[in-house]
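Here are the chains, one letter per residue:
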Amino acid sequence: MRFCSSSIVLVVVLLLAGCRGEATNVLDSVRDTEVPKELVKKYVDDNTYIDIDVDVLLRSVVNQNGKSSVNEEDMAKMKAAVYRFYRHVSVKDGYYVCGIKKGSEINVSQSVFRTLLENLNEINRMIKGAKDRGEAIDVQIPDEEYLNSFLR
């Protein structure tokens, strides 16, 4: 098993959606959900406060039937929130560590922050489980290329 930086958002989205059985569809839907890159960049550059209902957003991604029902603005905010959050994530002893303690540090609601942090913890549980099974794990630090992928 390999946990690389490009996989992080996919795992995050999968875990946020809580739809393990629909992993491929969820991941493909989120990856293919297009939003104007200028909008995401604006939310990042302006440090716009972000408070969205992540569960509702991801349910709309999961429930799309080829036609976009996702609120473009909310998806752009979600991408900006993930960008901000992962700027503060590092790797220590083979696990992801978040260097901030509350949402206000990255100008997102505590609810959005808590959801991202819970999912980071779930990723770490998955890494631990794989390590416990003796699987090789390659945990990579979220780098600039990964972070900038949210701005494209």
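Residues numbered from 1 in each chain as written. Predicted model: local features only at pLDDT ≥ 70, side-chain atom pairs only at ≥ 80, totals over all residues. Heavy atoms only, no water.

Peer 1: Help me understand the environment of Tyr-49, please; the structure alone is not making it clear to me.
Peer 2: Tracing the sequence through the fold places Tyr-49 in the loop between helix H3 (37–45) and helix H4 (54–62). Here the alpha-carbon distance between Tyr-49 and Lys-77, two residues 28 residues apart in the chain, equals 9.0 Å. If we ignore the near neighbours within four places in the chain, the residues touching Tyr-49 are Asn-107, Val-108 and Ser-109. (Helix = DSSP H or I, 4+ residues; strand = E, 2+ residues; numbered from the N terminus. Contact = heavy atoms within 4.5 Å.)

Peer 1: Mind showing me how you'd approach the pairing of strand E2 (residues 95–98) here?
Peer 2: Two faces belong to every sheet, and in a regular strand the side chains alternate between them. Burial along E2 is one-sided: Tyr-96 and Cys-98 are buried, and none of Tyr-95 and Val-97, which face the opposite way, are. Of the pairings in the sheet, the one linking strand E1 (residues 89–92) to E2 comprises four bridges and is antiparallel in character. In the sheet register, Val-89 faces E2, and the bridge partner there is Cys-98. Between E1 and E2, which pair antiparallel and follow one another directly, the connecting turn spans two residues, one of which, Asp-93, has a positive phi of 55°. (Buried < 20%, exposed > 50% of the residue type's maximum accessible area, 1.4 Å probe, protein only. Pairing = 2+ DSSP bridges.)

Peer 1: Would you take a moment to explain the nonpolar core for this structure?
Peer 2: If you look at soluble globular proteins, the nonpolar side chains tend to sit buried side by side. Counting residues in hydrophobic clusters, the biggest one holds 38 residues, and the most contacted among them are Met-78, Phe-85 and Tyr-86. Counting only elements with at least two residues in this core, the list comes to H3, H4, helix H5 (72–86), E2, helix H6 (110–132) and helix H7 (144–148). It is H5 that provides the largest number of residues to this core, a total of nine residues. (Core = buried A, V, L, I, M, F, W, Y, C linked by side-chain atoms within 4.5 Å.)

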